[in-house]
Amino acid sequence: MSDTVLSSLTNHQFRLASRPVGLPTRDNWSATTEAVAEPEDGGVVLQTLALSLDPAMRGWMNEGRSYIPPVAIGEVMRAGGVGRVIASKSPHFAVGDTVIAGFGVQQYLRLGAAEFKRSGLVKIDLRMGSLTQWLNVLGMPGMTGYFGLMDVGQPQAGETLVVSGAAGAVGQTVGQVAKIKGCRVVGIAGGKAKCDWVVNELGFDACIDYKAGPGAVREGLKEHCPKGVDIYFDNVGGEILDTVLARINRKARIIICGAISQYNATTAVAGPKNYLSLLVNRARMEGIVVFDYADRYHLAVLEMAGYLKDGRMKSKEDIVEGIAHFPEALLKLFNGENFGKLVLQVADE
Ligand SMILES: NC(=O)c1ccc[n+]([C@@H]2O[C@H](COP(=O)([O-])OP(=O)(O)OC[C@H]3O[C@@H](n4cnc5c(N)ncnc54)[C@H](OP(=O)(O)O)[C@@H]3O)[C@@H](O)[C@H]2O)c1
């Protein structure tokens, strides 16, 4: 792209204006614009095509210690995404390359060579999966599901796995990979449509609609896990975690991936009451952070791109169009409106 075109572009951004209490509102964001500058020597300018909207974004809006520093007030909101190189002074990237990177909620990103690694900038191959599949099964949520299941869950054929958030981004990968590895797979999701989809389209053995009424999870586990639960992949925490803990087998593995039921709590996070079930069953509960597996992502991508190709795996994304809709789109994660991996389409492919 020539200098004149670059300098004619305006970068629309969303910055964190204040820290939310409970669910984020429009007031927590400020919409800003910036000019787009030429890349520095060795650097690139990227155009955002699609952004990954993740439950973790809610945590990054809070102050306090976590596995990654919080987003500062006034900073462009952190977000992973896929995009295209539109200007390059780097020997490693050419104009037109499709890449994955920490774009932030903005339309353009100017990166110096020294920032490539920190922003996770890598080229992607669209023959392995579509742009949005690279944010889902082949992207960060897919890596989370794959490594959480394989490294911590250590599934054995014939075991029973339960996964909550079953129709979501991480959940769909976990359940499908566990089926491929020979497990009995029972999902937990909100509503009939999501439950029907994971059973009929993804091939889960059963799915429990946790919104069906009080006792639905307890009864569902009794019915669909007659031999107990060997692996629980927890995406939601809260009461569902407690209910599954009451059904685990000896030497069960519980993967603490997330606790979305707690992310907007205005009171203390509710911890598991049934933790003594770990003692009785000589079981273990272990947390995972996907970034710890970064040096092995390429192996999981190869394996799952193979499953996508041979039809053993499906990848469902829920796409919201237009960066202006970012504040409302993010909320879909917390009211369960997203059906599949939530993606914000920022520009046409
Ligand atoms: N540890 C890591 O490295 C890592 C990396 C990525 C993601 N995660 C975690 O993995 C989990 C899933 O993330 P995702 O990106 O795959 O999101 P997702 O499942 O695609 O979307 C979030 C889903 O959570 C469910 N949900 C919302 N509020 C809930 C509540 N109060 N109780 C039960 N379910 C609720 C909703 O589904 P229903 O309609 O079924 O309720 C919603 O669709 C999150 O906890 C996230 O923080 C962790």
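Residues numbered from 1 in each chain as written. Predicted model: local features only at pLDDT ≥ 70, side-chain atom pairs only at ≥ 80, totals over all residues. Heavy atoms only, no water.

This part covers the pattern of salt bridges. This structure, assessed with the given rule, holds 18 salt bridges. For Glu-219, the salt bridge identified is with Arg-218, shortest N-O distance 3.2 Å. Take Arg-218: its relative accessible area is 46%, and that puts it in the partly exposed class. Salt bridges sharing common partners tie together Arg-218, Glu-219 and Lys-222. (Salt bridge = Lys/Arg side-chain N within 4 Å of Asp/Glu carboxyl O. Buried < 20%, exposed > 50% of the residue type's maximum accessible area, 1.4 Å probe, protein only.)

What follows concerns the packing of aromatic side chains. Within this structure, the stated rule accounts for 7 aromatic pairs. An angle of 70° between the planes, with centres 4.8 Å apart, marks the rings of Trp-29 and Phe-326 as edge-to-face. Taken as a pair, Trp-29 in strand β2 (residues 29-35) and Phe-326 in helix α10 (residues 326-335) lie far apart in primary sequence, 297 residues in all. Residue Trp-29 shares its accessibility class with Phe-326, and that shared class is buried. Residues Phe-93 and Phe-116 carry aromatic rings whose centres are separated by 5.4 Å and whose planes lie at 85° to one another, so their mutual orientation is edge-to-face. Residue Phe-93 is found in the loop between β4 (81-88) and β5 (98-101), and its partner Phe-116 is found in the loop between β6 (108-111) and β7 (122-123); the two are separated by 23 residues along the sequence. Across this residue pair, the class does not change: Phe-93 and Phe-116 are buried. By way of ring pairs, the aromatic residues Phe-14, Trp-29 and Phe-326 are connected into one cluster. The aromatic ring of Trp-60 is capped on one face by Arg-78, whose charged end is 5.1 Å from the ring centroid. (Phe/Tyr/Trp six-rings, centres within 6.5 Å; stacked < 30°, edge-to-face > 60°. Helix = DSSP H or I, 4+ residues; strand = E, 2+ residues; numbered from the N terminus. Lys NZ or Arg CZ within 6 Å of the ring centre and 35° of its normal.)

Okay, the state of the cysteines next. Evaluated as defined, the whole model comprises 0 disulfides. Note on Cys-183: no disulfide assigned, nearest cysteine sulfur contributed by Cys-225 at a separation of 12 Å. (Disulfide = S-S within 2.5 Å.)

Further remarks concern a nonpolar patch on the surface. A cluster of nonpolar side chains, Tyr-275, Leu-276, Leu-279 and Val-280, forms an exposed patch at the surface whose accessible area comes to about 440 Å². Here Leu-279 is to be found in helix α8 (residues 276-280). Taking the relative accessible area as the measure of exposure, Leu-279 reaches 62% and is therefore exposed. (Patch = residues over 30% accessible without salt bridge, like charges linked within 9 Å, V, L, I, M, F, W, Y side chains within 5 Å. Areas by Shrake-Rupley, 256 points an atom, 1.4 Å probe, with all protein chains shown as cover.)

Here we come to unusual backbone geometry. Excluding glycine, residues mostly carry a negative phi; peptide bonds, for their part, are mostly trans. Despite not being glycine, Gln-154 shows a phi value in the positive range, around 40°. With respect to the helices and strands, Gln-154 occurs in the loop between α3 (140-153) and β8 (160-164). The exposure class assigned to Gln-154 is partly exposed, which follows from its relative accessible area of 40%. Phi is positive for Lys-251, close to 65°, though the residue is something other than glycine. Position of Lys-251 relative to the elements: it lies in strand β12 (residues 248-256). Judged by relative accessible area, which is 55%, Lys-251 ranks as exposed.

Per the domain assignment, the segments of the protein are domain 1 (3-136 + 316-345) and domain 2 (140-291). The gap between the C-alpha centroids of domain 1 and domain 2 is 29 Å. On the domain 2 side, the residues contacting the 19 residues of domain 1 number 16 residues. Buried surface at the junction of domain 1 and domain 2, summed over both partners, amounts to about 1,400 Å²; 63% is from carbon and sulfur atoms. Here domain 1 and domain 2 share 0 salt bridges between them. At the boundary of domain 1 and domain 2, one finds 7 residue pairs in polar contact (both at pLDDT 80 or more). Looking at the side of domain 1 that touches domain 2 residue by residue, the class counts come to 9 nonpolar, 6 polar and 4 charged. (Domains from an automatic or database assignment. Contact = heavy atoms within 4.5 Å. Buried area = accessible area lost by both parts, 1.4 Å probe. Polar contact = N/O pair within 3.5 Å; in protein donor to acceptor, adjacent residues only side chain to side chain. Nonpolar A, V, L, I, M, F, W, Y, C, P; charged D, E, K, R; others polar.)

Looking at the element boundaries, Gln-262 is found in the loop between β12 and α8. Residue Gln-262 is classed as buried on the basis of its relative accessible area of 13%. Those residues in contact with Gln-262 that lie beyond four places of it in its chain are Gly-238, Val-269 and Ala-270.

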